[in-house]
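# Architecture and fold: a report
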Amino acid sequence: MVIMDDVLRFAQVSSAAIDVPQVMALVSDPQAGAIATFVGAVRNHDGGRDVAALSYTAHPSAEEILEQVAQEFADRPGVHRLAVAHRVGDLEIGDVALFAAVSASHRAEAFPVLEELVNRIKAAVPIWKHQEYADGTKDWPGSTGGNLAHRN
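Report follows, based on the coordinates. (Residues numbered from 1 in each chain as written. Predicted model: local features only at pLDDT ≥ 70, side-chain atom pairs only at ≥ 80, totals over all residues. Heavy atoms only, no water.)

## Overview of the packing of helix α2 (residues 62-74) against helix α3 (residues 107-124)
- Orientation of α2 relative to α3, taken along the N-to-C sense of each, is 150 degrees, at an axis distance of 10 Å. By the angle between their axes, α2 is roughly antiparallel relative to α3. For α2 against α3, the interelement crossing comes out right-handed. Mapping the contact onto sequence places Ile65, Leu66, Val69, Ala70, Glu72 and Phe73 in α2 and Val113, Glu116, Leu117, Arg120, Ile121 and Ala124 in α3.
- Residues belonging to the contact of α2 with α3 are distributed by class as follows: nine nonpolar, no polar and three charged. (Axes fitted to C-alpha atoms, helices over the stretch in contact; angles between N-to-C directions. Helix = DSSP H or I, 4+ residues; strand = E, 2+ residues; numbered from the N terminus. Parallel < 35°, antiparallel > 145°, perpendicular 65-115°, else oblique. Left-handed = near helix turned anticlockwise from the far one by under 90°. Contact = heavy atoms within 4.5 Å. Nonpolar A, V, L, I, M, F, W, Y, C, P; charged D, E, K, R; others polar.)

## A closer look at the pattern of salt bridges
- Under the defined criterion, the tally for this structure stands at six salt bridges.
- The residue aspartate 29 makes a salt bridge to arginine 81 at a minimum N-O spacing of 3.6 Å. Residue aspartate 29 is located in the loop between α1 (20-25) and β2 (34-41), and its partner arginine 81 is located in strand β5 (residues 79-87); the two are separated by 52 residues in the primary sequence.
- Exposure remark for aspartate 29: the relative accessible area of 13% places this residue in the buried category.
- As a salt-bridge pair, arginine 49 and aspartate 135 come within 3.7 Å of each other at their nearest N and O atoms. (Salt bridge = Lys/Arg side-chain N within 4 Å of Asp/Glu carboxyl O. Buried < 20%, exposed > 50% of the residue type's maximum accessible area, 1.4 Å probe, protein only.)

## Considering α2
- Its 13 residues give α2 an end-to-end C-alpha distance of 19 Å, which sits within 8% of 18 Å, the value for a rise of 1.5 Å per residue.
- Burial in α2 covers these residues: Ala62, Leu66, Val69, Ala70, Phe73 and Ala74. Axial view of α2: buried residues confined to an arc of 155 degrees, hence all on one face.
- On its buried face, α2 is in contact with β1 (8-14), β4 (49-58), β5, α3 and β8 (127-133). (Expected span 1.5 Å × (residues − 1). Arc of directions from axis to C-beta.)

## Concerning the side chain of aspartate 29
- Polar side-chain contacts of aspartate 29 include one of 2.7 Å to the backbone nitrogen of glutamine 31.
- Beyond its immediate chain neighbours, meaning those up to four positions away, aspartate 29 contacts His80, Arg81 and Ser103. (Polar contact = N/O pair within 3.5 Å; in protein donor to acceptor, adjacent residues only side chain to side chain.)

## As for the pairing of β8
- In terms of burial, β8 is a largely internal element, five of the seven residues being buried.
- By the bridge criterion, seven bridges tie β4 to β8 in an arrangement that is antiparallel. Across the sheet, the residue bridging to threonine 57 is tryptophan 128, located in β8.
- As judged from the two bridges shared by β8 and strand β9 (residues 138-139), these two strands associate in the antiparallel manner. Bridge assignment links glutamine 131 to a residue of β9, and that residue is aspartate 139.
- Hairpin geometry of β8 and β9 is characterised by an intervening segment of four residues between the two adjacent antiparallel strands and by a positive phi of about 90 degrees at glycine 136. (Pairing = 2+ DSSP bridges.)

Structure (structure tokens):
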């Protein structure tokens with residue numbers, strides 16, 4: 001893992017499984033009274049349909065954009081450290097697709113930053129989800145219209 005700077009510790013898009021404890025350790029800070037985390041796991045259903053398989057595809061710029069998005073949150077008041085990882089490729093039900101962690105002085109700072117960060121990643125980072133359903137049909141949820149970023 002590459003340590004990026006004092007606040008933004010890690011931003012990665014990779015086909016490798018996300019090492020949640022290792023990424024979380026990067027946001028540990030003695031000034032932090034709160035560490036908020038988000039684990040985006042692959043679920044077995046979507047829109048009332050059973051999901052059999054899922055894969056994520058990323059544009060070559062995805063990691064750079066993920067880093068830029070994460071950096072937008074690094075200067076928020078009270079935030080001490082931030083780390084985020086998104087997995088691409090074929091994933092199984094229960095796999096971690098997105099992990100984000102924010103350490104801050106207080107939970108009142110950590111939770112809103114984490115929620116905004118995850119929402120911004122989903123809106124801005126060019127990663128697309130392809131799902132196969134139990135009935136054999138397939139689609140690209142969230143990839144119609146002007147915004148092609150993934151939704152999970």
